[in-house]
Amino acid sequence: MSLTEKSLESIFISKVRLKVLKYFLLNPEIEIHLRGAVREFQEEINAVRRELTRLEAAKIVKVQNKGNRKYFELNGEHPFVGDLMSMFHKSYGLGATIIDNSKKMGDVEFAFLTPAFTKNSYYGNQVVDLVVVGTIDLNVLEEVVQKAQKDLNKEIHYMVLKSSEFQLRKRRKDPFISDLMIQDLIMLIGNIEDFIR
């Protein structure tokens, strides 16, 4: 268990709430009904209903009635969703694996997930999920990405830039780099201020 995962478990006392939030924040485009949630989280129906009701009251999830079922989905408009999404992507899945393996990967200046990965939302022609900047051991990164692809059952498109290449492209106002700078990135390594400066 990673340090970030332990931190989240300390913050969110309810294990069911943690499972519910993890599901919605890592799968923002998917909706689920109560019985499906019970199967997904492998928890008691009353505990799942209670947490869904609390998240609905907090407006973090929204409800849509379809027939006789209530479907729950993430409310992407909630002001906390971006911050929560960042916390959960840093604690689970590809983001956590990148953070945990950053020392093995070499000198990582920046590593971040794009909205293509976190929200299934594409900006322009960009189809990149992960960008890593620095002097990177490509074999270690490839191993991390392949494991994540297998776990998520989806292809992950990533890009590696040397620091000098990144700085040059940034100075030249390269359209790809400029587009990245205005997106809602989840910065795994490094900070956003240094990235855009």
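Up top you'll find the structure we're talking about.
Residues numbered from 1 in each chain as written. Predicted model: local features only at pLDDT ≥ 70, side-chain atom pairs only at ≥ 80, totals over all residues. Heavy atoms only, no water.

Colleague: Quick question: what am I supposed to make of the packing of aromatic side chains here?
Modeller: How two aromatic rings sit relative to each other is set out by the distance from centre to centre and by the angle between their planes. This model, assessed by the stated rule, comprises 8 aromatic pairs. Where phenylalanine 12 meets phenylalanine 88, the ring centres are 5.8 Å apart and the plane angle is 50°; that geometry is what we call tilted. With phenylalanine 12 in the loop between helix H1 (3–11) and helix H2 (15–26) and phenylalanine 88 in helix H5 (residues 81–91), this residue pair connects regions lying 76 residues apart in the sequence. The buried category is assigned to phenylalanine 12, whose relative accessible area is 14%. Overall, phenylalanine 88 belongs to the buried group, its relative accessible area being 0%. A ring pair is formed by tyrosine 23 and phenylalanine 24, whose centres lie 5.5 Å apart and whose planes are at 80°; its orientation type is edge-to-face. In this structure tyrosine 23 comes out as buried when scored by relative accessible area, which is 11%. Among the aromatic side chains, those forming a connected cluster through ring pairs are Phe110, Phe112, Phe166 and Phe195. Across the ring face of tyrosine 71, the terminal group of lysine 66 is positioned such that the distance to the ring centre comes to 5.1 Å. (Phe/Tyr/Trp six-rings, centres within 6.5 Å; stacked < 30°, edge-to-face > 60°. Helix = DSSP H or I, 4+ residues; strand = E, 2+ residues; numbered from the N terminus. Buried < 20%, exposed > 50% of the residue type's maximum accessible area, 1.4 Å probe, protein only. Lys NZ or Arg CZ within 6 Å of the ring centre and 35° of its normal.)

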